[in-house]
Structures are given as C-alpha cells and as structure tokens.
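Okay, here's what each chain looks like letter by letter:
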Amino acid sequence: MTAEDYLEGQIILIDKPLTWSSFQAVNKLKYILKRKYELPKKFKIGHAGTLDPLATGLLIICTGKFTKKITEIQAQTKEYTGTITVGATTPSYDLETEIDAIFPTEHINDTLIQDTTKLFLGEIDQKPPVFSAIKKDGIRLYEHARAGEEVEIAFRKTTIYEFEITRIALPEIDFRVTCSKGTYIRSLAFDFGKALQSGGHLTALRRTKIGNYSVTNGFSPEEYEKSLV
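Keep in mind it's a predicted model, so treat the numbers as computed, not measured. (Residues numbered from 1 in each chain as written. Predicted model: local features only at pLDDT ≥ 70, side-chain atom pairs only at ≥ 80, totals over all residues. Heavy atoms only, no water.)

Some words on the overall build of the protein chain
When helices and strands are tallied, the protein chain shows seven helices and 13 strands. Here the C-alpha radius of gyration of the protein chain, 19 Å, is about what a compact globule of 229 residues would show, namely 17 Å. When its C-alpha atoms are laid out on the principal axes, the protein chain stretches across 60 × 40 × 30 Å. The proportion of buried residues among the 229 residues of the protein chain is 46%. A separation threshold of at least 6 residues defines the contact pool for the protein chain, and within that pool the share at least 24 residues apart is 70%. About 12000 Å² of surface is accessible on the protein chain, with carbon and sulfur atoms providing 51% of the total. Put simply, the protein chain has 30 plus and 30 minus side-chain charges, and the middle of one group is 9 Å from the middle of the other. (Helix = DSSP H or I, 4+ residues; strand = E, 2+ residues; numbered from the N terminus. Rg over C-alpha atoms; globule rule 2.2 N^0.38 Å. Buried < 20%, exposed > 50% of the residue type's maximum accessible area, 1.4 Å probe, protein only. Contact = heavy atoms within 4.5 Å. Areas by Shrake-Rupley, 256 points an atom, 1.4 Å probe, with all protein chains shown as cover. Lys, Arg positive; Asp, Glu negative; His and termini not counted. Charge placed at Lys NZ, Arg CZ, Asp CG, Glu CD.)

Here it is as structure tokens:
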C-alpha cells in the first residue's frame, strides 16, 4: 500500500477490542497511517457504525474518498452475538451501570425463551437506551442520564430478521441476531427480559457482520499496525 492508496480510499476491517471506544479505534488507525505514510493533516478517516466500549467485533473504517461510502455501509444488515442475563436490570441496559432491580427467574424455561424470541421477529417498536448518544434538545441522552435528568424517549421502528438462541445456562442466555440499521441490542436485551416476565440486561456483545463484511477478516489495531511493517 502507498499513501495514495489510502487517500484514494480503503476499507479496513478492525476487530475492536473490549473497552475501546469506536473513536479511539479510528484515532489509533489515523495515527498509525499518518506516521507510516506521512499523510496530510486533513487526511479523511471514519467508521461505519459505532460500537459501544463494552462491545467487541467488527468496526469498518473507511479512508480517503471511501469515507463517502460510510452512509451506504451503515445501512446494511448487521449481525451480533452476545449474552443476555435475566433476573436483573440496569439503567444502561448493560454492564456500564449497576443493577437497579431484581426479578424472578424460576418460571423461565427453554420453551418460554424460544417462544419469546418469536415476538421480536420482523418490524418492532424499540425505545433507545437512555444511556445512548442520541441527542435530545441538542444534548446527548447519556449526558441527561448522568445528570440524573428524566427524558422522554420516543419509540423507533427497527427490524429483527433473525433471533436465534444459541445457549441457555440461566441466568445467561446466548443469542445471535441479524437486524436493520439503528437497532439497539441493549434495548432488545431489556425488552426480552421484560417479555419473559422478568428483567434482563446485556452482559456481552460482539458484532460479527455488516452486510458481506465479516469480523473473521478483521484485524486488531495492533495486528493491523504489524501488517504494515
């Protein structure tokens, strides 16, 4: 690869590490490429779809002229795997915040779990988590939440194409989901727990695919840096 290749445009598949923000991953790649190829200060680079710090997996990074492809890539179907832990909820719907309520799980069995997944197939109404980057009155929801402010959040339409349960070891339920752009898997975990007449929160999440792009072809930021040597 040359500097010109990256300026003309490249798609880089990164396997984002746990605890890294998507912004950190992009900045790391930008630093690596600018140092290696002496790219101009205004070198364009961006990602096609945010992953939360507590999620791992596929982060598609576009460089140069290919940053124009970001909107197109973001619109493609996404696949995730992860774990929902039932019997408790958190304000953020994941492990970012502490458990705020405990619920019974004695009534939950394999049949109920499998039957409940069917309720979420197709187009559904979903409310984004209050701990999200969506803006309300010009301020991101997570800023309202951390300030202890109550905010009314509107439901959004999203589509779940597949919802497969891959392991049941209560209170943990492993899953694989394919879904449309704008789906919050944290909200799915919360709503799934509620539909089980219990509570639920997301305790692991990995994005495995966006369209035809797969994390199996991705590199960690460190591996990508080594591949340039």
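Some remarks on the side chain of His201
By the element assignment, His201 lies in strand β12 (residues 200-210). When its relative accessible area of 3% is taken as the criterion, His201 is described as buried. Polar contacts involving the side chain of His201 include one to the main-chain carbonyl oxygen of Ala88, which spans 2.9 Å. With residues up to four places along the chain from it excluded, the contact list for His201 reads Thr83, Ile84, Thr85, Ala88, Thr89, Thr90, Tyr93, Asp94, Leu95 and Ala189. (Polar contact = N/O pair within 3.5 Å; in protein donor to acceptor, adjacent residues only side chain to side chain.)

Some details on helix α2 (residues 22-37)
The terminal C-alpha atoms of α2 lie 22 Å apart, and with 16 residues this matches the ideal 22 Å at 1.5 Å per residue to within 8%. Inspection of α2 places Ser22, Ala25, Val26, Leu29, Ile32, Leu33 and Tyr37 among the buried residues, and these make up the whole buried set. On an axial view of α2, the arc spanned by its buried residues comes to 130 degrees, and they lie on one face. More than 90 degrees from the buried face of α2, the exposed residues found are Phe23 and Arg35. (Expected span 1.5 Å × (residues − 1). Arc of directions from axis to C-beta.)

Some details on the side chain of Ser198
Along the chain, Ser198 turns up in the loop between α6 (185-195) and β12. For Ser198, a relative accessible area of 7% translates into the label buried. Within polar-contact distance, the side chain of Ser198 engages the backbone nitrogen of Gly87 at 3.5 Å. When residues no more than four places from it in sequence are discounted, the contact partners of Ser198 are Gly87, Phe103, Pro104, Thr105, His107, Ile108 and Gly193.

Structural notes on the packing of aromatic side chains
Applying the stated criterion to the full structure yields seven aromatic pairs. Residues Phe120 and Phe163 carry aromatic rings whose centres are separated by 6.3 Å and whose planes lie at 75 degrees to one another, so their mutual orientation is edge-to-face. Here Phe120, found in the loop between α4 (110-117) and β7 (122-126), pairs with Phe163, found in strand β10 (residues 156-169); they are 43 residues apart in sequence, far enough to count as distant. Residue Phe120 is classed as buried on the basis of its relative accessible area of 9%. Note on Phe163 and Phe175: the rings are 6.3 Å apart at their centroids and 90 degrees apart in plane angle, and the pair reads as edge-to-face. Remark: Phe175 occurs in strand β11 (residues 172-179) and Phe163 occurs in strand β10; sequence separation between them is twelve residues. In this structure, Phe163 and Phe175 share a single accessibility class: buried. (Phe/Tyr/Trp six-rings, centres within 6.5 Å; stacked < 30°, edge-to-face > 60°.)

Points about the environment of Thr158
Inspection of the secondary structure puts Thr158 in strand β10. Taking the C-alpha atoms as reference points, Thr158 and Ser180, 22 residues apart in sequence, are found 6.2 Å from one another. Contacts of Thr158, omitting those with residues within four sequence positions, involve Gly122, Glu123, Ile124, Gln126, Ser180, Lys181, Gly182 and Thr183. At a separation of 2.4 Å, a polar atom in the side chain of Thr158 contacts the side chain of Thr183.

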